[in-house]
Amino acid sequence: MQRFNDLADFSSEEIRGLIDLARRLERQPEPRALEGKVLSLLFLSPSLRTLTSFQAAMIRLGGGAFVVSPEMSIHGLESRSGIVMDGAAAEHIREAVPVIASYGDAIGIRAFAKRENLQADLDDREFNEIASLVGDKPLINMESAINHPCQSLADWKTLDDFEIPANGGRFVLSWAYHPKPLPLAVPAATVHMAAMRGMDVVVLRPEGFELPPAIMGKARAAAEASGGRVIETTDRREAMEGAHVIYAKSWSSTRYYTDRAGDKALREQLVDWCVDEPWFENARPDCRFMHCLPVRRGVVVADRILDGPRSIVIREAHNRMLVQMAVLYRMLKG
Amino acid sequence: MQRFNDLADFSSEEIRGLIDLARRLERQPEPRALEGKVLSLLFLSPSLRTLTSFQAAMIRLGGGAFVVSPEMSIHGLESRSGIVMDGAAAEHIREAVPVIASYGDAIGIRAFAKRENLQADLDDREFNEIASLVGDKPLINMESAINHPCQSLADWKTLDDFEIPANGGRFVLSWAYHPKPLPLAVPAATVHMAAMRGMDVVVLRPEGFELPPAIMGKARAAAEASGGRVIETTDRREAMEGAHVIYAKSWSSTRYYTDRAGDKALREQLVDWCVDEPWFENARPDCRFMHCLPVRRGVVVADRILDGPRSIVIREAHNRMLVQMAVLYRMLKG
Amino acid sequence: MQRFNDLADFSSEEIRGLIDLARRLERQPEPRALEGKVLSLLFLSPSLRTLTSFQAAMIRLGGGAFVVSPEMSIHGLESRSGIVMDGAAAEHIREAVPVIASYGDAIGIRAFAKRENLQADLDDREFNEIASLVGDKPLINMESAINHPCQSLADWKTLDDFEIPANGGRFVLSWAYHPKPLPLAVPAATVHMAAMRGMDVVVLRPEGFELPPAIMGKARAAAEASGGRVIETTDRREAMEGAHVIYAKSWSSTRYYTDRAGDKALREQLVDWCVDEPWFENARPDCRFMHCLPVRRGVVVADRILDGPRSIVIREAHNRMLVQMAVLYRMLKG
């Protein structure tokens, strides 16, 4: 495995193979599998779970990781081409990325969307540009403008862990209120993952927060291949009917993607999009609650949901480490 | 061992067993003892020795550690209950702590006193709340509002290393001047440790800096069991009479614990509480100087003491790593 | 090996032995060579390559490293002697350095020039003072006021990798424009390294940027022993005549070393010292471009040079890790 950038690059069987490997490595640790191996972790955006779970994963397999993160006293990194670097940035990604990549056996890169241009973000232009600098070094997408394959693989495993049906299971991806316009990476990756798993997927979101056609089209293609289905609605009751799981996530208004004021005006009318017990009225009684974390309590979701039996967010976050061990093992040991 | 939170949770024999284990691991390294094992280190307060010595300890035993610290670009962590998280903090400790704990085989947590309420700090309320979130994961207190067991275990070993007598050894815990009101964790842990070791313990401090009855009572109970003794005094000559060791440490005024102005007014009259050679006039000639570090030169203690033969602070700090290796070994290997 | 502080402390044969060892460890990894061994990394100045390559080096040899860096929430470190520490700094290097050293099997230290006094920097006074605090712990200079031996060892290996002749090879160390006055460490180490390798060395720099006699004298002594030669010039054509390699680096005006305004006035007239294709007119056709990185594009060097076939800066940076593995191996395993 040379790239772990998008679940769409793998077959369902390959995904299931990775999840099986994650289970095996949890059951039968292999603390020398990757001895002497190094993972470079380059964060151009903040992190908690990804940062810690990748370090833990490498230690568990006998290797190690080093971290480059934005708050380190590194020289600000320039990314524009053809620029005269007489300002604050003392280094260009064209040098920094190949060098950092060269110190590791694989490299993980995180670079959130800049939200300056929707099409550029949908095309994952910045991430692809950075990724083009790592040469033939194995590369892991640790969240880009439009993808988060480690989260999606962990989510798939979490659905399996709780025996939520693949074909026939109803998966609601719901927008939720948040004071800031957040990236599209998680909703885009999630709707595709659930569709690829063969689920009955509903995207529940207010007007103005439609997922772009490129995202919905990719998910629908995956659903077609897997026997799943993807629909969109603004109607909560309709969406939650018979749901096995609701996956909450806030994202930017796509109508006002680069217009902060427009997004804010629309968003402020939607503070009642906070997942709470009444949402589950016509769901299955054991309907679960998922979220990729971090989550704002009382804003995205009520305390009683997070603290109650529906929530599987801690296991979901724990699965990040387990599936990443499988990805690293496959990448570096085969 | 599931928790390393307080020396009072162990018998003297168990403490001596840990120190013996530390010596053995120094003499006979076991660089594969904890292979594939991960220590999660969660710092909600700053650190230098604890941060580095725990990482070093894990590497020496063949495992590794990852660090979460306040200056990282993580989302500020909220800790209040039932709050609507529409401010700066994007994550609650109720999610962050279980997740971070789940990535490790054990977790160390540091959370200094908030000094908003003396009783809350004496009860270690905040630390206990955080600790309740780690589930059954082995937990190490890396300094809480009222305890610092790793420091105390290192201090015990240091006293042994320099052959300072247990029963019959005179241990002076002395308040010292410092421009800021510092926590009670080290003095509380230290007076208990010396009492548990069976020493003749004197707490030397100015009026207004009395250690609270809960701290003194716990130390006296330990002294009773060990054949030691604990007294308090404001009289330096009396305290230092025949002393084997003086352990300097500044702490908040307990009379003005939450009243910063009151503390400041009292404290400013006490700049002469800087340990210097005249203090040792009626001590034993080889009386030693200890301090947990960091220490302000010329403020807490004179240069000639720190740079002279009385000072054993570097060995004391080095022992932090050695005893922590023993704690980790016992916790993760048995 | 107890100290890796200056290539001048070693014979050419010893340097070649280290480079051979670096090659062997790249070809035949020894992922258990340093199991259980710890490298302490103390950065008093910023870093990217050094920080990451040393961590990677230790992991590849089966050990690990911990990092102390200026942006960590450690208490500011005081370094002045005899001071009353009643200000911001809560810890003195006289405690911090021995403690940090004591947690490792070796320690790397970085402390850039303060540029308050040229003679003090030429004598490496600050670094030597810090180094005096590590006791008998093996020590690596990770860049001081006047030296950068890891960079020079990597540069030597890079010259070998590209089969640039030792005796007879023409090495141009050229000053280049940069908006800030940078330290002398790299030019001082580089001119000595190339001379020690037996090369025909030319220092090309504008008036006011002469390398001090102490630096040039040391390089000339090395050249004498190796059969090389060291000259200085302000004439670009003369310097580049038949050059095998140009090593670009900016540095402070030595005429205005502590006079920021004088340096600025002189420097601002020199923005045309940006290495570009016309510089190579009378060099050898395959003349290479080296730089220690980070490098400002369009300021120090034109994009087309960095992105073209002359540039060997990425391999040069990668060699940092490889040669440091050799140094660590020799130091900790023998």
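Up top is the structure.
Right, let's walk through the structure included here. (Residues numbered from 1 in each chain as written. Chains lettered and ligands numbered in written order. Predicted model: local features only at pLDDT ≥ 70, side-chain atom pairs only at ≥ 80, totals over all residues. Heavy atoms only, no water.)

## Brief notes about unusual backbone geometry
Then, in step 1: Along the chain, Leu293(A) connects to Pro294(A) via a cis peptide bond; the corresponding omega equals 0°.
Then, in step 2: Examined against the element boundaries, Pro294(A) turns out to sit in the loop between β12 (288-290) and α11 (303-306).
Then, in step 3: We note that Glu143(B) has phi near 115°; this positive angle belongs to a residue other than glycine.
Then, in step 4: The topology assignment puts Glu143(B) in the loop between β7 (139-141) and α6 (149-161).
Then, in step 5: Using a relative accessible area of 9% as the deciding quantity, one classes Glu143(B) as buried. (Helix = DSSP H or I, 4+ residues; strand = E, 2+ residues; numbered from the N terminus. Buried < 20%, exposed > 50% of the residue type's maximum accessible area, 1.4 Å probe, protein only.)

## With respect to the pattern of salt bridges
Then, in step 1: Under the defined criterion, the tally for this structure stands at 81 salt bridges over all chains.
Then, in step 2: Here Glu277(A) and Arg310(A) are joined by a salt bridge, their closest N and O atoms 2.9 Å apart. Taken as a pair, Glu277(A) in the loop between α10 (260-267) and β12 and Arg310(A) in the loop between α11 and α12 (313-332) lie far apart in primary sequence, 33 residues in all.
Then, in step 3: You can call Glu277(A) partly exposed: its relative accessible area is 31%.
Then, in step 4: Judged by relative accessible area, which is 13%, Arg310(A) ranks as buried.
Then, in step 5: Notably, a salt bridge pairs Glu78(C) with Arg80(C), separated by 2.7 Å at the nearest N-O pair.
Then, in step 6: Using a relative accessible area of 10% as the deciding quantity, one classes Glu78(C) as buried.
Then, in step 7: Here the salt bridges do not stand alone but share partners, grouping Arg23(A), Glu26(A), Lys157(A), Asp161(A) and Arg315(A) into one network. (Salt bridge = Lys/Arg side-chain N within 4 Å of Asp/Glu carboxyl O.)

## Overview of the pairing of strand β6 (residues 106-110) of chain B
Residues and elements named next belong to chain B.
Then, in step 1: Counted residue by residue, β6 has 5 buried out of 5 residues, so it is predominantly covered.
Then, in step 2: Burial along β6 is two-sided: the residues Ala106, Gly108 and Arg110 and Ile107 and Ile109 are all buried.
Then, in step 3: Inspection of the sheet shows strand β2 (residues 38-43) paired to β6 by 5 bridges, in the parallel sense. Across the sheet, the residue bridging to Ser40 is Ile107, located in β6.
Then, in step 4: The pairing of β6 with β7 spans 3 bridges and is parallel. (Pairing = 2+ DSSP bridges.)

## Overview of the relation of the copies chain C and chain A
Then, in step 1: By a simple turn and slide, chain C fits onto chain A: the slide is 0.0 Å along the axis, the RMSD is 0.0 Å, and the turn is 120°. In short, the pair behaves as if placed about a three-fold rotation axis.
Then, in step 2: The two copies present different faces, since only 6% of the interface residues in chain C are matched by interface residues at the equivalent positions in chain A. (Least-squares fit on C-alpha atoms with pLDDT ≥ 70 in both. Contact = heavy atoms within 4.5 Å.)

## Considerations on the packing of aromatic side chains
Then, in step 1: Evaluation of the coordinates by the stated rule reveals 15 aromatic pairs over all chains.
Then, in step 2: Summarising the aromatic geometry, the rings of Phe4(A) and Phe10(A) are spaced 5.6 Å apart at their centres and angled 45° between planes, so their arrangement reads as tilted.
Then, in step 3: With a relative accessible area of 15%, Phe10(A) lands in the buried category.
Then, in step 4: Measuring from centroid to centroid gives 6.1 Å for Trp273(B) and Trp279(B), while their planes differ by 85°, and the two rings are edge-to-face.
Then, in step 5: Given the relative accessible area of 7%, Trp273(B) is considered buried.
Then, in step 6: Aromatic rings pair up to connect Trp175(A), Phe209(A), Trp273(A) and Trp279(A) into one cluster.
Then, in step 7: The ring of Trp279(A) has Arg236(A) lying over it, and the distance from NZ or CZ to the ring centre is 3.8 Å. (Phe/Tyr/Trp six-rings, centres within 6.5 Å; stacked < 30°, edge-to-face > 60°. Lys NZ or Arg CZ within 6 Å of the ring centre and 35° of its normal.)

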